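# Inside the fold
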Amino acid sequence: HLSSPQSLARAMPGRRGARGRRCDVILGLAAFTGTGAQARPFAALPRMAQALPASKLQPSTVNCTWVAYEQPLSHFSPGATSGQTFLQRLCIYDKFWTGGAAAGPVFFYTGNESPVDEYINNTGLMWENAPKLNALLIWTEHRYFGESVPELSGTPNCLAWLSSEEALADFAVILEALRQGTPDGPLARWHAPKSPVIAFGGSYGGMLAAWFRMKYPGLVDGAIAASAPIWGGPMLQPAVDGSAAQLSNAARPVGGAAPACAPNLKAAFVLIHDVAKTSAGRQMLSESMGLCEPLQSEQDASVVLSYLQDPLFNLAEGSYPFPSNYITYATFNGTLAQLPPWPVKQLCEKLAGDFGVSIRGDEASVKFRVDAGPISVAVDWDQAAGNGYSLDDLTAQEGALRLLQAVAEAVQVWYNVTGGQKCVNWHTPPPTRMGSSSPLAPKMSAAVPGLPTPATKGANVCTAGKSALNIGLAWGALCCNSGINLVTTAAHGLGRDLFWPPSLPTRNFSLAEVVHGSMSFCGSYGSQGFYGLPSRPDEWGKWMDVAYGGKHIAGHSNIFFSNGELDPWTAAGVPAPGPTESLPSELIALGGHHLDLFFSTAADPESVRGVRASELAHIARWIDGGRASRAASAESAASMLEFV
């Protein structure tokens, strides 16, 4: 599951967590560093409830039969790797399957940029429909993530083989092994020569599911591509503020939020910026907002603005109708503390009132005014100018100060998810993504007798080991190798969303200016002991556009796209109704990031129920079509043998 653009900057040396990194690394917060001064108690700071125990009836990793499948380090250049291999982790569940002879289908999850455990535990669409269709369930972990990491230290150009193409080839090899049968292999129990295959995936996994069907139609009969941002690359000319505009839906009535929420947020951002121009104003902000450490400069105020704005991406992604730790588990170092249902809506409850603050003017052109009684701040793009108001005016205008306090408290729905914060700790580095090891399942052996060992001499030999390759670094390397540059997250505050100030310096920007240098982080890996990334990364994603077709996909079939109305990644997805009847797309009202893949609940909106019903109908048709195709192929083969 992809998310905000901040965490890649954290993974690279010498970078701060500013917005604007286009290879949008998974589930991050803005990175700020602080002195660790003593926090001032703030007893009223809201916090999240503790995690609820999972239902005993909900299947998870405990139901897996774990398989370690040997894969070549490179399917396409085996000579360059001296035959080196690695073990890829699979979870298989066969209690619903009717077996190979009965041609029960295979539901195959195309694992994405996290340990596969996350997807096993949350992909209810597979678990719930498998018994209806007698399916074999398989989740495959993506190479270089979780426990499926090749040997790195001592391997020349060890990251060169981390790409979407190599990952798809891994999946294809597994399916071909199931189809052909390997009597002595790790998949011998699951010979499936006639079984139709349906791929499932969400986010980057959804991209892989769609591409898997496109590139290997002889192996894959259909694909569910949920929240798959396959149209977010620069070659397709998407709006660079598309994700910011989309996530703003979650803070508006269309997302179930109070009408005043989004305007109050934007007004608060402007007021914080302007009030912080003086030392007395910064002191007032520090006290009224309950900051752990006082603001010392205008730059500090900019950091606070990022602190307030950065969680909105993750909260919009996690806009589910049920409590969930799907987003927080990966971000807060394995916490089981849950976000509440509709977390942006809950955030907005503190901003639903009338604080006596209003916005007047042309927000679309980012030329407007924020008024609060005698206080007025004129905005023209990234510049804000007050009307000469005094701090006494601000003190007298109680509503404005209450608004600033309310914004600081509201974002604790994210920052205080574990309940440990006592004040607004804006100056402390936030939690980062977990490392590459998963605590939820046994680790696979790092050494396999008889397998080729990596070379240890020569140029560009990696010196860093597996433990140094955290998820953020691995995802960044994958982007560098595959040219995945999803520029819909590149900007905010351009007039279509709730953010201010704009992240681009002028109104007259070009896409080329946004794209240029956006993947410069690819050059930072060598300093950390990793080699194998391109010296000139494909910032425009030209090869990805060629390899997977860009928007020219009408010649393909049997892919169902879905997107959530509140999900930032919808801006990069295939919009409804889809390119063709055999490539449908549906929008989930009140939907967060791939909501349709989750287990169904009584709180689900009607929209996601309808999308899941459509998906099931398409899956059933694809299975019937796959069986018919295989029967026809078998009959044709028999006829040819008879003729011979």
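The present account deals with the structure reproduced in this document.

Criteria and thresholds
Residues numbered from 1 in each chain as written. Predicted model: local features only at pLDDT ≥ 70, side-chain atom pairs only at ≥ 80, totals over all residues. Heavy atoms only, no water. Helix = DSSP H or I, 4+ residues; strand = E, 2+ residues; numbered from the N terminus. Contact = heavy atoms within 4.5 Å. Areas by Shrake-Rupley, 256 points an atom, 1.4 Å probe, with all protein chains shown as cover. Buried < 20%, exposed > 50% of the residue type's maximum accessible area, 1.4 Å probe, protein only. Pairing = 2+ DSSP bridges. Axes fitted to C-alpha atoms, helices over the stretch in contact; angles between N-to-C directions. Phe/Tyr/Trp six-rings, centres within 6.5 Å; stacked < 30°, edge-to-face > 60°. Lys NZ or Arg CZ within 6 Å of the ring centre and 35° of its normal. Salt bridge = Lys/Arg side-chain N within 4 Å of Asp/Glu carboxyl O. Disulfide = S-S within 2.5 Å. Left-handed = near helix turned anticlockwise from the far one by under 90°. Nonpolar A, V, L, I, M, F, W, Y, C, P; charged D, E, K, R; others polar.

### Quick word on the overall build of the chain
Secondary structure summary: the chain contains 19 helices and 12 strands in total. Summarising the internal contacts of the chain: among those between residues at least 6 apart in sequence, 76% fall at separations of at least 24. In the structure as shown, the chain presents an accessible area of about 23,600 Å², 54% of it carried by carbon and sulfur atoms.

### Quick look at unusual backbone geometry
Geometrically, the link from Trp500 to Pro501 is a cis peptide bond, its omega value of 5 degrees lying close to zero. Mapped onto the fold, Pro501 is located in the loop between helix 16 (471-482) and helix 17 (511-515). With an omega dihedral of 5 degrees, the bond running from Ala576 to Pro577 counts as a cis peptide bond. The residue Pro577 is located in the loop between strand 11 (559-564) and strand 12 (585-588) in this model. With a phi close to 45 degrees, Trp342 is a non-glycine residue in the positive phi region. Along the chain, Trp342 turns up in the loop between helix 11 (326-331) and helix 12 (343-349). On the basis of relative accessible area, Trp342 is assigned to the buried category, the value being 17%.

### Here's the deal with the sheet that holds strand 7 (residues 358-362)
Within the open sheet, the 4 strands sit side by side as 7-8-9-10. Their pairing is antiparallel. Pairing within the sheet leaves two strands with one partner each, and these edge strands are strand 7 and strand 10 (383-386). Neighbouring strand axes in the sheet, compared pairwise and without regard to direction, differ in orientation by 20 degrees on average. Direction of pairing for strand 9 (residues 375-380) relative to strand 10: antiparallel, over a ladder of 4 bridges. Within strand 10, the residue paired with Val377 across the bridge is Gly386.

### Overview of the packing of aromatic side chains
A complete count under the given rule lists 17 aromatic pairs for this structure. Ring centres of Tyr320 and Phe322 lie 5.5 Å apart, and the angle between their planes is 10 degrees; this geometry places the pair in the stacked category. Phe322 shares its class with Tyr320; the two are buried. Grouping aromatic residues by their ring pairs yields a cluster made of Tyr93, Phe96, Trp127 and Trp139. When the ring centre of Tyr93 is taken as reference, the NZ or CZ atom of Lys95 above it lies at 5.6 Å.

### Observations regarding the environment of Pro115
Take Pro115: it is sitting in the loop between strand 3 (106-110) and helix 2 (117-122). The buried category is assigned to Pro115, whose relative accessible area is 3%. Sequence separation between Pro115 and Glu147 is 32 residues; the distance between their C-alpha atoms is 7.1 Å.

### Observations concerning the pattern of salt bridges
Taken as a whole, this structure holds 14 salt bridges when the rule is applied. Taking the shortest distance from any N to any O, the salt bridge between Arg189 and Asp94 comes out at 3.4 Å. Highlighted residues: Arg189 in the loop between helix 4 (164-180) and strand 5 (197-202) and Asp94 in the loop between strand 2 (85-93) and strand 3, separated in sequence by 95 residues. Using a relative accessible area of 57% as the deciding quantity, one classes Arg189 as exposed.

### Quick word on the side chain of Thr570
Examined against the element boundaries, Thr570 turns out to sit in the loop between strand 11 and strand 12. The residues contacting Thr570, other than those within four sequence positions of it, are Gln246, Asn563, Gly564 and Leu587.

### Focus: the state of the cysteines
Summed over the entire model, instances satisfying the criterion amount to 5 disulfides. Here Cys292 connects covalently by a disulfide to Cys423, the sulfurs 1.9 Å from one another. Because the torsion about its S-S bond is 105 degrees, the bridge between Cys292 and Cys423 counts as right-handed. Residue Cys292 is found in the loop between helix 8 (279-288) and helix 9 (298-309), and its partner Cys423 is found in the loop between helix 15 (412-415) and helix 16; the two are separated by 131 residues along the sequence. Here Cys480 engages in a disulfide with Cys522; their sulfurs sit 2.0 Å apart. Taking the sign of the S-S torsion, about -95 degrees here, the bridge from Cys480 to Cys522 comes out left-handed.

### Considering the packing of helix 4 against helix 5 (residues 204-215)
Viewed as axis vectors pointing N to C, helix 4 and helix 5 meet at an angle of 65 degrees, and their least axial separation amounts to 10 Å. Where helix 4 crosses over helix 5, the two elements pack in a sense that is right-handed. Between helix 4, through Ser164, Leu168, Phe171, Ala172 and Leu175, and helix 5, the contact on the second element is made entirely by Tyr204, Leu208, Trp211, Phe212 and Lys215. For the contact of helix 4 with helix 5, the residue count by class is 8 nonpolar, 1 polar and 1 charged.

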